[in-house]
Amino acid sequence: MHQILITLLSAIVVLLILLPGSESSGHPDRKFEIGKAYPLDIDFEANQLRPLAKDEKLIVPQLKWKEHTVKSGESLAVVFDKVGLSPGALYRLVNADEGTKSLTNLRPGDILKFGFDENSELIQLIQPKNATETLVITRTGGTYHSNQETKSVDTQLNFAQAIITSSFWNAADKAGLTANQIMEIAGIFGWDIDFALDIRQGDSFSVLFEERFVEGEPIGRGNILAATFTNLGETFTAVRSKSGQYFDQEGRAMRKAFLRSPINFRYVSSNFNPRRLHPVTGRVKAHRGTDYVAPVGTPIWAAGDGVVMKSGYNKFNGNYVFIRHSSTYVTKYLHMTKRKVKTGQRVKQGQTVGTLGGTGRVTGPHLHYEFLVNGVHKNPRTVKLPQAQSLKGAAKAQFKKHASERLSQLSQFSHFIADNSPLVYNRS
Ligand SMILES: [Zn+2]
């Protein structure tokens, strides 16, 4: 009985081992039965064509691109010829619509991108105009259409400050300001500070300005919104109004009747060492004017609006120009290479009246500049000058509120930097 049972059980075990397992799906030898359905692992929804979103453009497929940078003297016809396009193609493209006509105003450095299909047909022409604007001409159904694509500009605040150790230019440059911004600052404070001769070690400045971004990339600087400049212990403050003029925090115009120096400070040899000898005579002497040593040909500006009293030449003054600004004020400019104004002519502040030279009794080229008040020589860099124009009434109240907001932004940046120095804000 036992033997029979053992034999039976053994037979069942052997049978179980020989029989194919019922859990064998997925086995490589699996056979599919005809007429039966099997599920497939394909996500059909993911392969559906997606409808274009609003503002989305269909990408022109598989174009071969040729890029050309316009050289001096190259016309559009020359460029087309160089990329292998016929005069006929040029004609059709330029006359397609109003936007395509602008292509004829090419300037050296302009970039044109030509997109060709597999038959070497021009399908798309792209011309980046500037950081935000691009002209896109696309061929659809045999004709060209232009489209001006514009990216939005994001404006943020940025800040720079420095203490001057060698020169204003070097300090401002190190602080990250551009050449344009440095000249702008000298312009904003040029009625109060003689940037050519009066900048000293220990002077300092701070500037709040706009920084412009397109798609997160900085594309350039905007306006200077507020600035302070401390020169020889005196601090000057300027804030840009909404109309684009600069006033101090009390609403007095930065622009005044006279520039402190009649010459661009960039050209003037530094007299940073106050004990330096007279640049022309080689000794320190009583002198009724101010001497600016700069390269021959440097433009000389009228310090204020006025009428040319005399534009002439003599052996002492060389070529000279005298300007009467009012019954009180006269300015004189001596030793010029060339005079650019005539006696009796009306001149504007900042207008070039001549160029620096070494004519007359001099030992080297320089501008000798005199400032007379009621016929008496005064130091043009320190003389008390007529009051600046001031905002009044509601405009003044409104500006003062605006100015205090700007100046508090400026001081916030300034403290932030002082606490976390060295720190550069917003610069990539
Ligand atoms: Zn002199």
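Scoring rules and cut-offs
Residues numbered from 1 in each chain as written. Predicted model: local features only at pLDDT ≥ 70, side-chain atom pairs only at ≥ 80, totals over all residues. Helix = DSSP H or I, 4+ residues; strand = E, 2+ residues; numbered from the N terminus. Buried ≥ 20, exposed ≤ 12 C-beta atoms within 10 Å, placed from the backbone. Pairing = 2+ DSSP bridges. Axes fitted to C-alpha atoms, helices over the stretch in contact; angles between N-to-C directions. Core = buried A, V, L, I, M, F, W, Y, C linked by C-beta atoms within 7 Å. Domains from an automatic or database assignment. Contact = placed C-beta atoms within 7 Å. Arc of directions from axis to C-beta. pLDDT = per-residue confidence, 0-100.

Undergrad: Quick rundown of the overall build of the chain? Include the residues and the values.
TA: The helix and strand inventory of the chain stands at seven helices and 20 strands. Here the chain holds 428 residues, and 26% of them are scored as buried.

Undergrad: Go over the sheet that holds strand β3 (residues 122–128) with me, naming the residues and quoting the values.
TA: Spatially, the five strands line up as an open sheet ordered β1-β2-β3-β4-β5, and their pairing is antiparallel. Two strands close off the open sheet at either side, each with one partner strand: β1 (64–69) and β5 (143–150). When strand polarity is set aside, the average angle formed by the axes of neighbouring strands in this sheet is 15°.

Undergrad: I'd like to hear about the nonpolar core, residue by residue, with values.
TA: Formed by 60 residues in total, the largest nonpolar core has its most connected members in I185, V207, L208, A227 and Y333. Each of domain 2 (153–256 + 389–428) and domain 3 (258–273 + 287–387) gives at least three residues to this core. Core analysis: the next-biggest nonpolar cluster, separate from the first, contains ten residues, V79, F80, L85 and I137 among them.

Undergrad: So what about the sheet that holds strand β7 (residues 204–214)? Which residues, and what values?
TA: With respect to topology, five strands assemble into an open sheet ordered β6-β7-β8-β9-β10, the strand pairing being antiparallel. Where the open sheet ends on each side, the last strands, each with one partner, are β6 (154–163) and β10 (246–247). Examined bridge by bridge, β7 and strand β8 (residues 217–231) share ten bridges and lie antiparallel to one another. Counted as the bridge partner of F209 is I224 from β8. Across the sheet, helix α6 (residues 179–188) lies against β7, β8, β9 (234–240) and β10, angled at about 35° from β8, the strand it touches most.

Undergrad: Tell me about the pairing of strand β2 (residues 111–116), residues and numbers included.
TA: Pairing of β1 with β2, which is carried by six bridges, proceeds in the antiparallel orientation. From the neighbouring strand, W65 faces β2, where its bridge partner is G115. In this structure, β2 lies alongside β3, joined through four bridges in antiparallel fashion. Paired with F114 across the bridge in β3 is L125. Between β2 and β3, which pair antiparallel one after the other, the connecting turn spans five residues, and S120 there sits at a positive phi close to 60°.

Undergrad: I'd like to hear about unusual backbone geometry, residue by residue, with values.
TA: Its identity is not glycine, yet L232 carries a phi of approximately 50°, on the positive side. Of the residues examined, L232 has 12 C-beta atoms within 10 Å and is grouped as exposed. Residue H335 is not a glycine yet carries a positive backbone phi of 70°. Relative to the elements of secondary structure, H335 occurs in strand β15 (residues 329–336).

Undergrad: Mind laying out α6, listing which residues take part and the relevant values?
TA: What α6 keeps buried is the set Q181, I182, I185, A186 and I188. Projection of α6 onto a plane perpendicular to its axis shows the buried side chains occupying an angular sector of 165°, all on one side. Within α6, the exposed residues directed more than 90 degrees away from the buried face are A179 and N180. In the core, the buried residues of α6 are packed alongside α5 (168–174), β7, β8, β9 and β10.

Undergrad: Give a description of the confidence of the model for the chain that names residues and reports values.
TA: Predicted confidence across the chain gives a mean pLDDT of 84, with 79% of residues reaching 70 or more. Every residue in residues 44–49 is under pLDDT 50, and counting partners more than four places away or in other chains gives zero contacts. Below pLDDT 50 for its whole length, residues 272–276 participates in two contacts with residues either more than four positions away or in separate chains.

Undergrad: An account of the environment of K332 is needed here, citing residue identities and associated values.
TA: In this structure, K332 sits in strand β15. Ignoring sequence-local partners within four residues, the contact set of K332 consists of Y320, F322 and E370.

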